[in-house]
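Examination of the molecular architecture
Here is what each chain is made of, one letter per residue.
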Amino acid sequence: MFDASQSVANVNVTSTKSVPKGATAVAYAVATKGTVARQLGVNRAGLAANNFDGKVGQMLAVPNGEGVAYAVGVGDPDSIDLAAVRTAAANFARAASKHAHLAINLADLGHLDAKAAGHAVAEGALLGSYRYVGLKNDESGGAKLTDLTLVAADKRSKGVRQGADDGLVVARAAALARELANTPPTYLNAKDIALKAVEIAAATGLDVEVFNKDQLTQMGCGGMIGVNQGSTEPPRMVKLSYSPRNPTGHLAMVGKGVMYDSGGISLKPSNPDHIAMKMDMSGAAAVLSAMSALKALKCKAKVTAWLMCTDNMPSGSALKLGDVLTMRNGKTVEIHNTDAEGRLVLADGLSLAVEDKPDGIVDIATLTGSALRALGTEIACLLGTNQDFVDQVKNSSAEVDEPVWQLPMETRRYRKLLDSAVADMRNIGGPYAATITASIFLTEFTGDVPYAHLDIAGPMENQADSGVQAKGASGFGTRLLIDLACNFTPPAEGAAHTA
C-alpha cells in the first residue's frame, strides 16, 4: 500500500536567501500594495491586467523559461496573519503539484515572526501536497514533491529555518493521522494500529504498552470488552508515555479508536456516512500522531495517552439493548443503543487516565452526529469541566486554525436524561442535545481532574481539497493536540466550572 504520509515526511525542507536553480515552481508573495518581486517577470500593471490585485487567496501562474513563477496574493501587507500564510502555502503546493522542487518566499514577510512564519509555510506547503493513494495500482496521483525551499533574507534565515524544521514535524504527524484514518478497515484493525503504535513509539522516543483482550478483561474494562463482543477481531488498548526531564505539568490524552463502526445491532443505514466509518478511529489516530511529534518539538510537559481500539460489529455474540456493563471505575451502564459505543470505550480510557493523576485530561472522538448537525463539517464541538483548561484548548485551536466552538456542559439540567432503572446510567440521553449528554456521560469517568472533550464528528472528513486540507480524512485535532501539549500548564484550581 502506498503510504502518502511518508511522501510528506521524506520531503527535503531547506532555507536559503535566494531561489535555488533546481526549483521549477517558485511562489512570490504579492500584497495589495508595495513592490512586486522583479523575479516574478510581471509588474503590478501586468498582474492587474490578469485580474490579480494581491488579495488573499489569489494566485496567478507566470510561465518562464525555467519553469513557472506564481504570484501569491497575501492581502494587506500589514495585516496578513499566520493562518493566511499557511493557507497560501498550501494552495501554492497544490497548484504546483506536478513539480518536485518548490521554492517559496512567504516566510520572508517582515512583520511576521520569522520562526512562526517558517513553521506556517512549511506546514502549509507540506499538507497541501498530501494525496492519499492507498491501494490504487496507478500511483501517479500521489505527491511529487521531494524538495521544498523557503527563501528568506539573511536576517530572518535562522528563525525561518528553525520554524521550517518544526513545521515538517507537525505536518508529518498530521499526514500520519490522515493516512491512518484513510486506510480501509481490512488493512488496519485494532491489532494493526497497536503494532503501528509500537513502531512509531520506538522511532520517536515514546514508552509504549499494549493490552490485549484478556488483560482488558482482568482490568475490568467493561466498555472495551462489551463493544468488542460482536467482532471477530480482538481489541487493543495502547498506552503511550512521553516523559521529559523536569516536566512543567502532566497532560493525559484519550482517543476513540473504533476501527470500524457498523453500529452493532443498532445497525447504521447503508449510506455515505456508513462508508466513512473506517474513520471512526480518527481520535486515536490524532492522539497517536500528536504523540509522535513531542520529543522532536522538545515538549516540556509529561504526556500520557490511551488509544482505545476495537471494532463495533453485529453478530450472535454482539452487545444487546438492555445489557449492563461494568466500567473500569466500577460504574454500571445500561445499553440503550449499541451505536453509542464510542463513549463506552472512552469511559475505560478516562478511568485509567484518572488513576494516573494527571493535571488535565483531553479526549478526542468522532462521537455524535449531533456535533455534525450543530456545527457542520469544519468546526469541532468543545466541552469541559474546567474553564482554564478549556481556554487552553481554545488557544491552541486558534493558533493552528483547527476551529472549535464551546458548548455548555449542562450537567444540572441534562444529567437526568441518562438515568437508568437498572444501572448507574444509560449510554444515551434521548434525541436532543446528544453532544452535551454524551459529554456529561463521559464526566462520570473523569473524577475531579480538569477535563476537556473534543467531538470531531463534523470535521473528520473533507469532501474536497481546501487550504491545508486534502480530500478524505482530515487528521483534524492532531495539530491542536500538539500545540496544547507543547504549551500545557496545569489548570488553575478553582477555575470557573463549566458544568
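Placed above this text is the structure.
Here is what the cut-offs are and how they apply
Residues numbered from 1 in each chain as written. Predicted model: local features only at pLDDT ≥ 70, side-chain atom pairs only at ≥ 80, totals over all residues. Heavy atoms only, no water. 1 Å grid on protein atoms, 1.4 Å probe; cavity = no way out; pocket = protein on both sides within 12 Å on 5 of 7 lines; lining within 4 Å. Points joined across faces, edges and corners; volume = space filled by probe spheres on them. Helix = DSSP H or I, 4+ residues; strand = E, 2+ residues; numbered from the N terminus. Nonpolar A, V, L, I, M, F, W, Y, C, P; charged D, E, K, R; others polar. Core = buried A, V, L, I, M, F, W, Y, C linked by side-chain atoms within 4.5 Å. Buried < 20%, exposed > 50% of the residue type's maximum accessible area, 1.4 Å probe, protein only. Patch = residues over 30% accessible without salt bridge, like charges linked within 9 Å, V, L, I, M, F, W, Y side chains within 5 Å. Areas by Shrake-Rupley, 256 points an atom, 1.4 Å probe, with all protein chains shown as cover. Salt bridge = Lys/Arg side-chain N within 4 Å of Asp/Glu carboxyl O. Pairing = 2+ DSSP bridges. Axes fitted to C-alpha atoms, helices over the stretch in contact; angles between N-to-C directions. Expected span 1.5 Å × (residues − 1). Bend = angle between axes of the 7 residues up to and from the residue. Polar contact = N/O pair within 3.5 Å; in protein donor to acceptor, adjacent residues only side chain to side chain. Phe/Tyr/Trp six-rings, centres within 6.5 Å; stacked < 30°, edge-to-face > 60°.

Another point: empty space enclosed by the protein. For the structure shown, the criterion picks out two cavities of 30 Å³ or more. Each pocket or cavity is described by its volume, and for the largest cavity that value is around 40 Å³. Every residue lining the largest cavity is listed: Ala177, Ala181, Ser282, Ala285, Ala286, Met460, Ser474, Gly475 and Phe476. Every element with two or more residues in the lining of the largest cavity is listed here: α5 (154–182) and α10 (282–293). At three residues, α10 tops the list of elements feeding residues into the lining of the largest cavity. Considering only residue class, the lining of the largest cavity consists of six nonpolar, three polar and no charged. One number sums up the size of the second largest cavity: a volume of about 30 Å³. Around the second largest cavity, the lining residues are Leu127, Ala174, Arg178, Glu402, Gln469, Ser474, Gly475 and Arg479. When grouped by side-chain class, the residues that make up the lining of the second largest cavity number two nonpolar, three polar and three charged.

Before going further, it helps to spend a moment on the nonpolar core. As a rule of thumb, soluble globular proteins bury nonpolar side chains together. The biggest cluster of nonpolar side chains holds 62 residues, and the ones touching the most others in it are Leu240, Met253, Met291, Leu307, Val362 and Leu454. Per-element accounting of this core gives the leading share, eight residues, to α10.

Take a nonpolar patch on the surface next. A surface patch of nonpolar side chains, amounting to about 320 Å² of accessible area, comprises Met1, Leu135 and Tyr187. Its location among the elements puts Leu135 in the loop between α4 (114–129) and β6 (147–151).

The strand order across the open sheet built from eight strands is β7-β8-β10-β9-β13-β17-β14-β15, with neighbouring strands paired in mixed fashion. The sheet terminates laterally at β7 (207–211) and β15 (404–406), the two strands that pair on one side only. The sheet shows a mean angle of 20° between the axes of neighbouring strands, direction not considered. Pairing of strand β14 (residues 380–384) with strand β17 (residues 451–455) involves four bridges; the strand directions are antiparallel.

The next thing to look at is α5. In this model, α5 (29 residues) spans 41 Å end to end at C-alpha, consistent with the 42 Å of a helix rising 1.5 Å per residue. Remark: the principal bend of α5, roughly 25°, maps to Val160.

Attention now moves to the pattern of salt bridges. The tally for this structure, following the rule as stated, stands at 24 salt bridges. Between Asp53 and Lys55 there is a salt bridge; the shortest N-O distance is 4.0 Å. Looking at Asp53, the relative accessible area reads 34%, which means it is partly exposed. A salt bridge links Asp465 to Arg94; the nearest nitrogen and oxygen atoms lie 3.6 Å apart. In this pair, Asp465 is assigned in the loop between β18 (461–462) and β19 (472–473) and Arg94 in helix α3 (residues 82–95), connecting sequence segments 371 residues apart. One salt-bridge network, in which partners are shared between bridges, spans Arg86, Glu123, Glu402 and Arg479.

Here the focus is the pairing of strand β9 (residues 250–261). Taking burial as the measure, the twelve residues of β9 include eleven buried ones, the bulk of the element. With ten bridges connecting them, β9 and strand β10 (residues 302–312) associate as parallel partners. The partner of Val258 across the bridge, within β10, is Thr310. Taken together, the five bridges between β9 and strand β13 (residues 360–365) define a ladder with parallel strand orientation. Its bridge partner lying in β13, Val254 is registered against Asp363.

Let's shift gears to the side chain of Thr446. Summarising the element assignment, Thr446 is placed in the loop between α15 (434–443) and β17. Reaching out from Thr446, the side chain makes a polar contact with the backbone oxygen of Thr443 at a distance of 3.2 Å.

Counted by the stated rule, this structure contains three aromatic pairs. Summarising the aromatic geometry, the rings of Phe389 and Phe488 are spaced 5.9 Å apart at their centres and angled 80° between planes, so their arrangement reads as edge-to-face. In this pair, Phe389 sits in helix α13 (residues 387–400) while Phe488 sits in the segment after α16 (478–486), placing the two residues 99 residues apart along the sequence. Ring geometry for Phe441 against Phe445: centres 5.4 Å apart, planes inclined by 50°, an arrangement best described as tilted.

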